[in-house]
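# Remarks on the overall topology
Each chain is listed here by its residues.
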Amino acid sequence: MTRPTLTQSTGPAHSRILGLGVMRGERVVTNDDIAGPIDSSDEWIRQRTGIVTRRRAAEGTDVLDLAEEAANAAIKDAGLTGADIDAVILSTVTYFHQTPSAAAILADRIGATPAAAYDISAACAGYCYGIGQADALVRSGAARNVLVIGAEKMSEFVDPTDRSISFLLGDGAGAVVVGASDFPGIGPTVWGSDGSQAQTIRQTHSWLDTRDKGAGWPTLRQEGQSVFKWAVWQMAPVAQRALDAAGVTAEQIDAFIPHQANMRIIDQMIKQLKLPESVAVARDIVDTGNTSAASIPLATERLLSEGQVSRGALALQIGFGAGLVYAAQVVVLP
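Read on for a plain summary of the structure. Because the structure is a prediction, the values reported are computed rather than measured.

So, about the layout of surface pockets. By volume, the largest pocket amounts to about 1100 Å³. Around the largest pocket, the lining comprises 48 residues; the ones closest to its centre are Val93, Ala123, Ile201, Leu220 and Ala322. Where the lining of the largest pocket is concerned, the elements lending two or more residues are helix H2 (42-49), strand S5 (116-120), strand S9 (201-203), strand S10 (220-222), helix H7 (224-246), helix H8 (263-273) and strand S13 (314-321). Its residues assigned to classes, the lining of the largest pocket shows 24 nonpolar, 19 polar and 5 charged.

Have a look at this one:
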């Protein structure tokens, strides 16, 4: 018997970001508010990180609430409804249920059922991971419109006395809708990981230790100098590879939107990439803090809302963090 030839789905040649929506934590937390327990000061935090304030969610707000607000705003911005969404990809490391996925619950909340829905755990690179997957889903014909969300309530994992990472962290969510385009709107994704450095940014202990050993609530830690060197010296070449893969130069982009990890990292990456002064650089970390998977869409929204770039601008975005994982691509802003 001759084996039948399978029919494979095909889709449009190109995809792009159709709409953007964000939600920042409701509370503004200043450096003075958190400096005491880490024996620090407003000046020290500003010099080390560039952060003046960070946004944190109210006690009764969870990561799904943040994601829902951002998702609805993105769908509206795209001129669509929840019923037009075929797939929901939610990147988060701060959702407290192993199963069912946060994405499935979110899909129901926004009226996207029966959209495909799944979570991804790629920390600060998660949004860019999601963009790469959404681009592939649309161009393969597997989905028409894909909702990508980065949402985190990092304040749930803050140790107020920790001087390595906790004072950096904020809460928020950013979402986009990716759909078909008559021009290339998302360049190739350059991504990867290095699990040999998993301890560089980590949860202090497992949930099993909390249950079996009475270890208490786990929080986050990082090896600051190791992370700084890795981000500056290894992520700038990744960003350059994303430019090369998209067939553009640093002089041709309008904006650089890196993960909002630390202002010193951002400044060093600009030097490594030799970005011209004409390129707008996202610095949302000053007011919002480090929001992990949410930081790139949040920073994108600020650039657009403040008029630093216009819709349709060409932007290089790169996420990097715990894993260690990374992803970058050039996109046309919605």
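Attention shifts here to the pairing of S5. Pairing of strand S4 (residues 87-91) with S5 involves 5 bridges; the strand directions are parallel. Note that in S5 the partner of leucine 90 across the bridge is aspartate 119. Note that the unit made of S4, helix H4 (residues 102-109) and S5 has a crossover that is right-handed.

This paragraph deals with the sheet that holds S13. The strand order across the open sheet built from 5 strands is S8-S14-S13-S11-S12, with neighbouring strands paired in mixed fashion. Every interior strand has two partners, whereas the edge strands, strand S8 (190-193) and strand S12 (280-281), have only one. Pairing of strand S11 (residues 255-258) with S12 involves 2 bridges; the strand directions are parallel. By the bridge assignment for S12, phenylalanine 256 is matched with valine 281.

For the rest of this paragraph, the subject is the packing of aromatic side chains. Aromatic ring pairs are described here by two measures, namely the spacing of the ring centres and the angle between the planes. Counted under the stated rule, the structure contains 9 aromatic pairs. Ring geometry for phenylalanine 157 and tryptophan 217: centres 6.3 Å apart, planes at 35 degrees, overall tilted. Here phenylalanine 157, found in the loop between strand S6 (146-153) and strand S7 (171-181), pairs with tryptophan 217, found in the loop between helix H6 (207-212) and S10; they are 60 residues apart in sequence, far enough to count as distant. Classification of phenylalanine 157 by relative accessible area gives buried; the value is 4%. Following the ring pairs from residue to residue traces out a cluster consisting of Phe96, Phe157, Trp207 and Trp217. Stacked on the ring of tryptophan 44, the Lys or Arg arginine 163 has its end atom at 4.4 Å from the ring centre.

Another point: helix H3 (residues 63-77). Here H3 is 15 residues long and its end C-alpha atoms lie 21 Å apart, about the 21 Å a rise of 1.5 Å per residue gives. All of the buried residues along H3 are Val63, Leu64, Leu66, Ala67, Ala70, Ala71, Ala74 and Ile75. Along the axis of H3, the buried residues cluster in a sector spanning 155 degrees; they form a single face. Elements that come into contact with the buried residues of H3 comprise strand S1 (14-24), S4, H4, S6 and S7. A side-chain oxygen of the first residue of H3 lies 3.0 Å from the backbone nitrogen of leucine 64; this N-cap is aspartate 62. Glycine 79 lies just past H3 and shows a positive phi near 75 degrees.

Thresholds applied
Residues numbered from 1 in each chain as written. Predicted model: local features only at pLDDT ≥ 70, side-chain atom pairs only at ≥ 80, totals over all residues. Heavy atoms only, no water. 1 Å grid on protein atoms, 1.4 Å probe; cavity = no way out; pocket = protein on both sides within 12 Å on 5 of 7 lines; lining within 4 Å. Points joined across faces, edges and corners; volume = space filled by probe spheres on them. Helix = DSSP H or I, 4+ residues; strand = E, 2+ residues; numbered from the N terminus. Nonpolar A, V, L, I, M, F, W, Y, C, P; charged D, E, K, R; others polar. Pairing = 2+ DSSP bridges. Right-handed = clockwise from strand over helix to strand, strands pointing away. Phe/Tyr/Trp six-rings, centres within 6.5 Å; stacked < 30°, edge-to-face > 60°. Buried < 20%, exposed > 50% of the residue type's maximum accessible area, 1.4 Å probe, protein only. Lys NZ or Arg CZ within 6 Å of the ring centre and 35° of its normal. Expected span 1.5 Å × (residues − 1). Arc of directions from axis to C-beta. Contact = heavy atoms within 4.5 Å. Polar contact = N/O pair within 3.5 Å; in protein donor to acceptor, adjacent residues only side chain to side chain.

Note that all results are geometric; they support no functional claim without further evidence.
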